[in-house]
There are 2 protein chains.
Amino acid sequence: MKPLKVALLGCGVVGSEVARRITGHGDDLAARIGAPLELSAVVVRDTAKDRPGVPTDVLTTDHEAAIAGADIVVELMGGMEPARSSILAALGQGASVVTANKALLAAHYGELMHAADAAGVRLEHEAAVAGAIPIIRPLGDSLAGDRITRVMGIVNGTTNYILDQMDREGWDFDRSLRTAQELGYAEADPTADVGGHDAAAKAAILSSLAFHTPVTIDDVHVEGITAVTSDMIATARAQGFTIKLLAICEKLEDSPEGAGVSARVYPALIPRDHVLAGVGGAFNAVFVEAEAAGELMFYGQGAGGAPTASAVLGDIVSVARRRVLGGRGQYERNVASALPVLPVSAITTRYQITLDVFDRPGVLSKVTEVFTEEGISIELVQQTVIPAEAPATESSPEPRAKLVVATHSGTDAALRRTADRLAELDVVGALVSVLRIEGH
Amino acid sequence: MKPLKVALLGCGVVGSEVARRITGHGDDLAARIGAPLELSAVVVRDTAKDRPGVPTDVLTTDHEAAIAGADIVVELMGGMEPARSSILAALGQGASVVTANKALLAAHYGELMHAADAAGVRLEHEAAVAGAIPIIRPLGDSLAGDRITRVMGIVNGTTNYILDQMDREGWDFDRSLRTAQELGYAEADPTADVGGHDAAAKAAILSSLAFHTPVTIDDVHVEGITAVTSDMIATARAQGFTIKLLAICEKLEDSPEGAGVSARVYPALIPRDHVLAGVGGAFNAVFVEAEAAGELMFYGQGAGGAPTASAVLGDIVSVARRRVLGGRGQYERNVASALPVLPVSAITTRYQITLDVFDRPGVLSKVTEVFTEEGISIELVQQTVIPAEAPATESSPEPRAKLVVATHSGTDAALRRTADRLAELDVVGALVSVLRIEGH
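Parameters at a glance
Residues numbered from 1 in each chain as written. Chains lettered and ligands numbered in written order. Predicted model: local features only at pLDDT ≥ 70, side-chain atom pairs only at ≥ 80, totals over all residues. Heavy atoms only, no water. UniProt positions renumbered as here; feature names shortened; annotations may be inferred. Helix = DSSP H or I, 4+ residues; strand = E, 2+ residues; numbered from the N terminus. Expected span 1.5 Å × (residues − 1). Buried < 20%, exposed > 50% of the residue type's maximum accessible area, 1.4 Å probe, protein only. Contact = heavy atoms within 4.5 Å. Polar contact = N/O pair within 3.5 Å; in protein donor to acceptor, adjacent residues only side chain to side chain. Salt bridge = Lys/Arg side-chain N within 4 Å of Asp/Glu carboxyl O. Arc of directions from axis to C-beta. Axes fitted to C-alpha atoms, helices over the stretch in contact; angles between N-to-C directions. Parallel < 35°, antiparallel > 145°, perpendicular 65-115°, else oblique. Left-handed = near helix turned anticlockwise from the far one by under 90°. Nonpolar A, V, L, I, M, F, W, Y, C, P; charged D, E, K, R; others polar. Least-squares fit on C-alpha atoms with pLDDT ≥ 70 in both. Buried area = accessible area lost by both parts, 1.4 Å probe. Pairing = 2+ DSSP bridges.

- As recorded in an unreviewed UniProt entry, chain A goes by Homoserine dehydrogenase and comes from Brevibacterium samyangense.
- According to the UniProt record, the Function (unreviewed entry) comment for chain A is "Catalyzes the conversion of L-aspartate-beta-semialdehyde (L-Asa) to L-homoserine (L-Hse), the third step in the biosynthesis of threonine and methionine from aspartate."
- Checking UniProt for chain A, the heading Sequence similarities (unreviewed entry) contains the comment "Belongs to the homoserine dehydrogenase family."

Right, here's the structure in full:
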């Protein structure tokens, strides 16, 4: 068989691992595909840089020439441009495309998929969500005959490592972040991770795929983990919960805002016996609920050169096989449903609200009255007198207590209003934390 | 588009769920496939039986006629014949086939796949292993560019429920089995489950797929869970382990018997912090280790009408899309590697051996000497004097002790020999249990 030409755009940690495997495992790959792969071009900024194991004769800085001759274009540059233009050019020339670019897909999923469909070729992107974990293909193919109702993922390893350390070791946020940085799990500027933005990009892609509706990162409600304190973790633990940063994609049939899709990222309480609670360290996991299949979970390494390269290679083999076997290459129309994307106020969830209150008679009734008025029923109230050694503020030296209220389900809007009203009560010293409870 | 004709062979719990979803979710499925599905025939033994939601006008007892007109044949009869002949006939006529028949695949995987390849159509079987969990497609497609080194699965819900109850509730085997039967998790005759045979069929399919080598159920080393006692579970727990029935498929590069594939099923100790340890109740999970991807796990419901139907429908949508889009339909050649299948003596593992010994001086040195002579190093020895209320046997009223020995890695053959020799020692009253340790 004639070799299939593969052009790599970008040759960082993932790209060089992909290049090494294409050249080093050629026989294996050829047997699985039915034709050999030929690494025809590797586009880099600096051809002189040392890249162990990557053949130097195919290094080039010329995007256009690299794409022009290729059967399969693998985009590993990241960012918006020139990644987007290069992918569109490759698709336009009838090349199949594999990308790991979550930021680009989270912004332009619909456009790119339409371009692939129009060209009759495939655009694969398994590595863009949860690294090595096969999640795109299970969602798009294996569950194609089912109806997915909810996807809940731990899709950012950095924040999972930080929260896991806070939970296991009792460290505070800063120490956990510093350790993550020392171990290479967190960037020097950790904003994209701890702010939830990386998870939001993945939530957009997962929603698009699960609900056949184009969702962009701008549609995703995002809260990061910077406000999570050791106290919140300890309270969660005492009540049988752990805190995880979740990317949640949900299909709502009858929300206050009508039917549609919700995509959101926030730190949430989940029961310690939920399978997601056991996902430790920098691992990722995606929990899926479908009408017929019930509960599924996919677990693995969410980042790193070799795991991401594994996902990229799986996609390369898949598109290569398809080229060998012939036939048109489209997916189902990924954006066929086009459901409205709903604001976070439309979701229904449970809350745990922690209040610092004055230890006076009647506090509890004032607090519970607010819940009643907002139509939110309370599942559990736990009051702890704050020990004397806790500093009483100048303005209010009277004894304080900590009140933890867990609610039954209510709309996010009603629960938000409840929290706002509680903060205004004269018996409440401070609204310590407001956390949603998921996985119940 | 012209409708695609689907013939169902068999209409039990799974079949009727599939029939209901094809007729009830027609629009959804048509949108995903690009053509409507038409349920053209449902082959049953008794057309008069009431099957709620299944259209009666397509019920028939005629296999041949049902297959003759179909684009897609869905085999849900189970067993060897007429399932095998029907599938071969359907493939021979160019129909795509979907099956959930693990027993048949475990016996005839190579033959059936070759027949599909020869006919240029696909034979899909996601539902045959671990019910709703997408595992076949991830192993065959997503990891196609990687090298799988090990697959370790909890693939039988009945035994997992029983072991989980023994571990959580402290029940003995009989009580756990009875409860499983009452809840419908176990058959009246539980032999296929508790004897490990059902898991062995799945191990054969997983091995064939993961290692591109035909493995049949006869190649699989099988030990069931009937010998697992409450004491073994309690000892495991005390040492930080839990006992799970594992189906293990492993690629061995340099075993005493050379390179090859090992497929085996046995109850094994796994550390309580291993992700597989958290798989409770009747759930299934498959843990995969690959060269580049690292550790992955797939979790979900392993049985039941709706979950299994979800997997079958995913396969139906997949083969239907392929028919709409055109092109030849083969997989990679699944049996391309044809590695030798090795006996269990070739594997390397750790053991936990529990002995009932006489509480005499010199016992420990006699016991450890056997390990030394067999070249097996000991990781941990724990000796517990058996309390006086334990009945001393007539023949040996002297005090006894329980000795738990955990070993470092050794070949299964050497560890077996060690266990046999220990049982013969005069200081050993009884060899209480021999368990392998996995997931370390």
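After that view, the rundown keeps rolling.
Details of helix α5 (residues 102-119) of chain B
Residues and elements named next belong to chain B.
- Over its 18 residues, α5 extends only 22 Å from the first C-alpha to the last, a length that falls short of the 26 Å expected when each residue adds 1.5 Å.
- Among the residues of α5, Leu 104, Leu 105, Ala 106, Tyr 109, Gly 110, Leu 112, Met 113, Ala 116 and Asp 117 are the ones counted as buried.
- Buried residues along α5 sit in contact with β4 (72-75), α4 (83-92), β5 (96-99), β6 (123-124) and α10 (197-211).
- Two to three positions downstream of the cap, the backbone nitrogen of Ala 103 sits 3.4 Å from a side-chain oxygen, assigning the N-cap of α5 to Asn 101.
- A positive phi of about 70° marks Gly 120, the residue just after α5.

Focus on the pattern of salt bridges
- Per the stated rule, a full pass over the model turns up 63 salt bridges over all chains.
- In this structure, the salt-bridge partner of Arg 417 of chain A is Glu 374 of chain A, at a minimum N-O distance of 3.1 Å. Taken as a pair, Arg 417 of chain A in helix α14 (residues 412-424) and Glu 374 of chain A in the loop between α13 (363-373) and β14 (378-385) lie far apart in primary sequence, 43 residues in all.
- For Asp 198 of chain B, the salt bridge identified is with Lys 202 of chain B, shortest N-O distance 2.7 Å. One end of the pair is Asp 198 of chain B and the other is Lys 202 of chain B, both in helix α10 and four residues apart, which spans about a single turn. Across the pair, Lys 202 of chain B and Asp 198 of chain B agree in class, each one buried.
- Several salt bridges converge on common partners, so that one network encompasses Glu 17, Arg 20, Arg 21, Asp 28 and Arg 32 of chain A together with Asp 146, Arg 147 and Glu 291 of chain B.

Comments concerning helix α2 (residues 26-33) of chain B
Residue and element names in this part refer to chain B.
- Residues of α2 that are buried include every one of Leu 29, Ala 30, Arg 32 and Ile 33, and no others. The buried residues of α2 occupy one face: seen down the axis, they fall within an arc of 165°.
- Residue Gly 34 follows α2 closely and has a positive phi angle near 95°.

Structural notes on the side chain of Ser 86 of chain A
Residue and element names in this part refer to chain A.
- In this fold, Ser 86 is placed in helix α4 (residues 83-92).
- The exposure class of Ser 86 is buried, given its relative accessible area of 6%.
- Dropping the residues within four chain positions of it, Ser 86 is found in contact with Leu 9, His 63, Ile 67 and Met 77.

Quick notes on the packing of α2 of chain B against helix α12 (residues 305-325) of chain B
All names here are of chain B.
- Running from amino to carboxyl end, α2 crosses α12 at an angle of 45°, the nearest separation of the two axes being 9 Å. Judged by the inter-axis angle, α2 sits oblique to α12. By crossing handedness, the relation of α2 to α12 is classed as right-handed. Counted together, Leu 29, Arg 32 and Ile 33 of α2 and Leu 313, Val 317, Ala 320, Arg 321 and Val 324 of α12 form the full contact between these two elements.
- Its residues placed into classes, the contact of α2 with α12 shows six nonpolar, no polar and two charged.

As for the relation of the copies chain B and chain A
- With an RMSD of 0.1 Å, chain B superimposes on chain A once it is rotated by 180° and translated 0.0 Å along the axis. Look at the turn and shift together and you get a two-fold axis relating the two.
- The overlap is high: 100% of the interface residues of chain B also sit at the interface in chain A, so the same surface is used on both sides.

Topic: the interface of chain B and chain A
- Tallying the contact residues gives 51 residues for chain B and 51 residues for chain A.
- Note on chain B versus chain A: buried area summed over both sides is about 4600 Å², and carbon and sulfur give 50% of it.
- It is Arg 32, Tyr 299 and Leu 325 of chain B in chain B that bury the most area against chain A; as a group they hold 14% of the surface buried on that side.
- Viewed at the interface, chain A and chain B are joined by seven salt bridges.
- Where Arg 147 of chain A meets Asp 28 of chain B, a salt bridge forms, and the shortest distance between an N and an O atom there is 3.0 Å.
- Inspection of the region where chain B meets chain A yields 19 residue pairs in polar contact (both at pLDDT 80 or more).
- The set of elements that each furnish at least two residues to the side of chain B that touches chain A consists of α2, α6 (136-142), β12 (294-301) and α12 of chain B.

Some words on the sheet that holds β4 of chain B
Residues and elements named next belong to chain B.
- Strand order in the open sheet formed by six strands is β3-β2-β1-β4-β5-β6, with parallel pairing between adjacent strands. Looking at the sheet topology across the chains shown, the edges are occupied by β3 (59-60) and β6.
- Strand direction decides the pairing type here: strand β1 (residues 4-9) and strand β2 (residues 37-43), joined by six bridges, are parallel. By the bridge assignment for β2, Ala 7 is matched with Ala 41.

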